[in-house]
Amino acid sequence: MEKQWYTISVYSENHVGLLNRISGIFLKRHINIESLNVSKSEIDGVSKFTIVVHTTEDWTRKIVGQIEKQIEVIKAYYHTDDETIYQESALFKVASHLLFDERQIQNIIKESKSQIVTVNREFFVLAKTGRRHEIDEMYEALEPYGIMQFVRSGRITVTKATMPISEILEEFQEN
């Protein structure tokens, strides 16, 4: 089987220690978590883990099965990139003098469709939301000028198709 990108969505009760157990499932199989985001879901008291991995469908299916065995997990799904709508966010901290001294910096900001979040005498901060490759391209464009700090979020995603989790979560909320 060929490796590809999979997004695993895990809906669970919000309990201490679950993230550690989920990451242990990947560790045992020597599969790297490329991106991880945990947030509240559309239902009160239910968290959503979004985990991105690069592996085979067979391994992904086995991992999802193991994750679902965790008592706090309500349901877990996996999807390919084509089945989801996804974004990442990044912040770039760059020396302020470059904004005025290097014309190319202004071109990078405009072409990347990023936003200036703040400016002061020492630095300015750019925010970029998009696909991973778009953020990587912006990083590569800014790197020759010097990036003081850089941080990227985990992937956030919604599925293109209707998810049966909505009905499951409604039942969960009623109980």
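Note that the structure is predicted; figures quoted are calculated from it, not measured. (Residues numbered from 1 in each chain as written. Predicted model: local features only at pLDDT ≥ 70, side-chain atom pairs only at ≥ 80, totals over all residues. Heavy atoms only, no water.)

**Student:** How should I be thinking about the side chain of Ser35 in this particular structure?
**Tutor:** As for its position among the elements, Ser35 is in strand S2 (residues 33–40). Only 2.7 Å separates the side chain of Ser35 from the backbone nitrogen of Arg155, close enough to count as a polar contact. (Helix = DSSP H or I, 4+ residues; strand = E, 2+ residues; numbered from the N terminus. Polar contact = N/O pair within 3.5 Å; in protein donor to acceptor, adjacent residues only side chain to side chain.)

**Student:** What is the right way to look at the sheet that holds strand S1 (residues 4–13) in this model?
**Tutor:** Strand-to-strand pairing in sheets goes through backbone hydrogen bonds, with the strands running parallel or antiparallel. Within the open sheet, the 4 strands sit side by side as S2-S3-S1-S4. Their pairing is antiparallel. On the outer flanks of this sheet lie S2 and strand S4 (73–80), each paired with one strand and no other. Averaged over all pairs of adjacent strands, the angle between their axes in this sheet comes to 15°, without regard to strand direction. Helix H1 (residues 18–28) rests against S1, S2, strand S3 (46–55) and S4 of the sheet, and its axis sits at about 15° to S3. Across the face of the sheet, helix H2 (residues 57–68) comes into contact with S1, S3 and S4 while running at roughly 165° to S4. (Pairing = 2+ DSSP bridges. Axes fitted to C-alpha atoms, helices over the stretch in contact; angles between N-to-C directions. Contact = heavy atoms within 4.5 Å.)

**Student:** Even after reading the chapter, I still don't get the pairing of S3, so can you show me in this structure?
**Tutor:** Look at any regular strand and the pattern is simple: side chains alternate between the two faces of the sheet. With 9 of 10 residues buried, S3 lies mostly within the body of the structure. Bridging between S1 and S3 involves 10 bridges; their strand directions are antiparallel. Directly across from Thr7, in S3, lies its bridge partner Val52. Strand direction decides the pairing type here: S2 and S3, joined by 7 bridges, are antiparallel. If you follow Asn37 over to S3, its bridge partner there is Thr50. As consecutive antiparallel partners, S2 and S3 are separated by 5 residues, and within that stretch Gly45 has a phi angle of approximately 80°, a positive value. (Buried < 20%, exposed > 50% of the residue type's maximum accessible area, 1.4 Å probe, protein only.)

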